[in-house]
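Observations on the three-dimensional arrangement
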Amino acid sequence: MFKGQIVDDAGDSDWNLTFSLIVLELEVHIPFITVIALTSLLAIRMEQTWEELETKILNSIVSVFQAVIILFMVGMVIGAWIQGKMAQGWNSFM
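Residues numbered from 1 in each chain as written. Predicted model: local features only at pLDDT ≥ 70, side-chain atom pairs only at ≥ 80, totals over all residues. Heavy atoms only, no water.

**Quick notes on the overall build of the protein chain**
Selection criterion: Here a strand is any run of E in DSSP of at least two residues, a helix any run of H or I of at least four, and the numbering for each starts at the N terminus. All accessible areas in this document rest on Shrake-Rupley with a 1.4 Å probe, and a residue is counted as covered only by the protein chains that are shown.
Scanning the protein chain from terminus to terminus reveals 3 helices and 0 strands. Helices and strands appear in the protein chain in the N-to-C order α-α-α. Only carbon and sulfur atoms are counted for the fraction: they give 69% of the accessible area of the protein chain, which is about 8400 Å².

What follows is the structure, given as structure tokens:
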């Protein structure tokens, strides 16, 4: 690994969050605060500036924003179908 290079390992963070919430029965905000603190310490150790971290965070958000909007739109359409009683057969599955 090169100096200043951050390894993206999102799969482990999902597992850690799931473990914290289900097995340890922690509140939701505790794992997030812990991850933020550990990430900050790792960034300081790797000599990353706040501006670099902020840019990477915003780029990550921008890269998934289109997919999130599509999911919101699909959810609104399905919600309208359910409210309009156009999807009555789905109630037996939910």
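**A short note on unusual backbone geometry**
For residues other than glycine, phi is negative in most cases, and the peptide bonds are mostly trans. Counted only if it meets this: Residue burial is assigned from relative accessible area. The probe radius is 1.4 Å, only protein chains are included, and a residue is buried under 20% of its type maximum, exposed over 50%, and partly exposed in between.
Phi at Glu47 takes a positive value of approximately 60 degrees, unusual for a residue other than glycine. Mapped onto the secondary structure, Glu47 falls in the loop between helix H2 (29-45) and helix H3 (50-83). Glu47 gets classed as exposed once you look at its relative accessible area, which sits at 53%.

**Side note on H2**
Using the following cut-off: An expected span of 1.5 Å times one less than the residue number is assigned to each helix.
In this model, H2 (17 residues) spans 24 Å end to end at C-alpha, consistent with the 24 Å of a helix rising 1.5 Å per residue. Note on H2: the residue one or two positions beyond its end, Glu47, has a positive phi of about 60 degrees.

**Details of H3**
Compared with an ideal rise of 1.5 Å per residue, which puts 34 residues at 50 Å, H3 spans 46 Å between its outermost C-alpha atoms and is within 8% of the ideal. Backbone geometry just after H3 places Lys85 at a positive phi near 60 degrees.

**Digging into the confidence of the model for the protein chain**
Under the convention used in this document: Known as pLDDT, the predictor's confidence for each residue is given on a scale from 0 to 100. Pairs of residues are marked as contacts when any of their non-hydrogen atoms sit within 4.5 Å.
When the pLDDT values of the protein chain are averaged, the result is 77; 74% of them are 70 or greater. Ranking the elements of the protein chain by mean pLDDT puts helix H1 (residues 10-23) last, at 66, and H3 first, at 90. Throughout residues 1-11 the model reports pLDDT below 50, and contacts reaching past four residues in sequence, or to other chains, amount to 11 contacts.

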